[in-house]
Amino acid sequence: MKKENEMMIEFDSRSCNEAFARVTVAAFLTQLNPTLEEVADVKTAVSEAVTNCIIHGYEEEVHKIKIECAIDEKQIRIIVSDGGKGIEDVKKAMEPLYTTKPDQDRSGMGFAFMEAFMDEVKVESGPGEGTKVTMWKTIG
Amino acid sequence: MYEQNQQGLTVYLPKEVDHHTVDKIRMEIDRQIIENGVSAIIFNFKDTTFMDSSGIGLLMGRYKLVNYIGGQVCAVRVNEKLKKLLILANVHKYVNIE
């Protein structure tokens, strides 16, 4: 991917940063002149990925979450990564309604929403290896 | 933010419904269910412009709780964008959406 513009942020895995993360990515996205719907789609996907890092990756302990964005022509690539506990079975984790935390009212729709609102989603993870979610979306 | 009358408990949701904002709301609703025997919950979305799957968990979790005692949950003043999200997660099969 030839990158025309890139940005990177790193922040604490505190729930108050969920809004900060999605708004920051949305602000970076504005250079592609997205529609309101496209902005909402990206914000939802980023919110899901960051929430996963906080709840599942770090299990509410405070560590760092990294977001890397790259824009190439009309496409944005967003990488959300943590150094947390990782996912044992990525395929299972991505099944709609599957959640390891039903007691906390997690809906199991996080990855399903990322896949619904982005063009492509790739998840790389393993136990103790952290999790890296890469998402692509073409604007317009 | 909360209003209780004969129809049940109305919950006025915040502008942004995410993991950060739902935690407190969930605790307050569950307290009202347990202490006041609330069985009908009306989620009012008039101020809400953003929601992620944490909102789905909030609605479905409350549905499961009150359904157990014969109650119900509905969502009112939901904008088209959020309606799409609720339908995608199949919430409309359990919760009446207006």
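The paragraphs below set out a description of the structure included in this document. (Residues numbered from 1 in each chain as written. Chains lettered and ligands numbered in written order. Predicted model: local features only at pLDDT ≥ 70, side-chain atom pairs only at ≥ 80, totals over all residues. Heavy atoms only, no water.)

## Re the overall build of chain A
Per the secondary structure count, chain A includes four helices and five strands. Written out in order from the N terminus, the α and β elements of chain A read β-α-α-β-β-α-α-β-β. Its C-alpha atoms give chain A a radius of gyration of 14 Å, within 12% of the compact-globule value 14 Å for 140 residues. By its C-alpha atoms, chain A is 40 × 25 × 25 Å across when sized along the principal axes. A separation of at least 24 residues holds for 65% of the contacts in chain A among residues at least 6 apart in sequence. Approximately 6,600 Å² of chain A is accessible, and the part contributed by carbon and sulfur atoms is 47%. Both charge centroids of chain A, one from 17 positive and one from 26 negative side chains, sit 2 Å from each other. (Helix = DSSP H or I, 4+ residues; strand = E, 2+ residues; numbered from the N terminus. Rg over C-alpha atoms; globule rule 2.2 N^0.38 Å. Contact = heavy atoms within 4.5 Å. Areas by Shrake-Rupley, 256 points an atom, 1.4 Å probe, with all protein chains shown as cover. Lys, Arg positive; Asp, Glu negative; His and termini not counted. Charge placed at Lys NZ, Arg CZ, Asp CG, Glu CD.)

## Observations concerning the pattern of salt bridges
Summed over the entire model, instances satisfying the criterion amount to 16 salt bridges over all chains. The partner of Glu124(A) in a salt bridge is Lys122(A), with the nearest N and O atoms 3.9 Å apart. Under the relative-accessibility criterion, Lys122(A) is labelled partly exposed at 39%. One salt bridge connects Glu80(B) with Lys83(B), and the closest N-O pair in it is separated by 3.5 Å. Within this pair, Glu80(B) and its partner Lys83(B) are both found in helix H3 (residues 80-88), separated by three residues, close to a single helical turn. We classify Glu80(B) as exposed; its relative accessible area is 59%. The class of Lys83(B) is partly exposed, set by a relative accessible area of 22%. Members of the salt-bridge network, linked through shared partners, are Asp12(A), Arg14(A) and Lys64(A). (Salt bridge = Lys/Arg side-chain N within 4 Å of Asp/Glu carboxyl O. Buried < 20%, exposed > 50% of the residue type's maximum accessible area, 1.4 Å probe, protein only.)

## Here we look at the environment of Thr99(A)
Inspection of the secondary structure assignment puts Thr99(A) in the loop between helix H3 (90-93) and helix H4 (110-117). Contacts of Thr99(A), omitting those with residues within four sequence positions, involve His56(A), Arg106(A) and Gly108(A).

## A word on the interface of chain B and chain A
Counting residues at the interface gives 20 residues for chain B, matched by 24 residues for chain A. Together, the buried faces of chain B and chain A total about 1,800 Å²; carbon and sulfur atoms form 53% of this surface. When the buried surface of chain B facing chain A is broken down by residue, His19(B), Phe50(B) and Ser53(B) rank first, second and third, together holding 31% of it. Inspection of the region where chain B meets chain A yields four salt bridges. Across the pair Glu37(A) and Lys84(B) runs a salt bridge whose closest N-O atoms are separated by 2.6 Å. Elements with a contribution of two residues or more to the side of chain B that touches chain A: helix H1 (19-36), strand E5 (50-51), helix H2 (53-67) and H3 of chain B. For the side of chain B that touches chain A, the element with the highest residue contribution is H2(B), accounting for seven residues. Looking at the side of chain B that touches chain A residue by residue, the class counts come to seven nonpolar, six polar and seven charged. (Buried area = accessible area lost by both parts, 1.4 Å probe. Nonpolar A, V, L, I, M, F, W, Y, C, P; charged D, E, K, R; others polar.)

## Section: the state of the cysteines
Following the criterion strictly, the structure yields zero disulfides over all chains and no others. Cys53(A) supplies the cysteine sulfur nearest to Cys16(A), a cysteine that is in no disulfide, at a spacing of 15 Å. (Disulfide = S-S within 2.5 Å.)

## Overview of the packing of helix H1 (residues 17-29) of chain A against helix H2 (residues 36-57) of chain A
Residue and element names in this part refer to chain A. Two elements in contact, H1 and H2, have axes whose closest approach is 8 Å; the angle formed by their N-to-C orientations is 145°. Judged by the sense of rotation from one axis to the other, the crossing of H1 with H2 is right-handed. In this structure, H1 contributes Glu18, Ala21, Arg22, Val25, Ala26 and Leu29 to the contact, and H2 contributes Glu38, Val39, Val42, Lys43, Val46, Ser47, Val50, Thr51 and Ile54. The residue makeup of the contact of H1 with H2, split by class, is nine nonpolar, two polar and four charged. (Axes fitted to C-alpha atoms, helices over the stretch in contact; angles between N-to-C directions. Left-handed = near helix turned anticlockwise from the far one by under 90°.)

## Topic: H1(A)
Under the 1.5 Å per step criterion, the end-to-end length of H1(A) is 18 Å for 13 residues, consistent within 8% with the ideal 18 Å. Those residues of H1(A) that fall on the buried side of the exposure criterion are Asn17(A), Glu18(A), Ala21(A), Arg22(A), Val25(A), Ala26(A), Phe28(A) and Leu29(A). (Expected span 1.5 Å × (residues − 1).)

Functional significance is not addressed by these values, which are geometric in nature.
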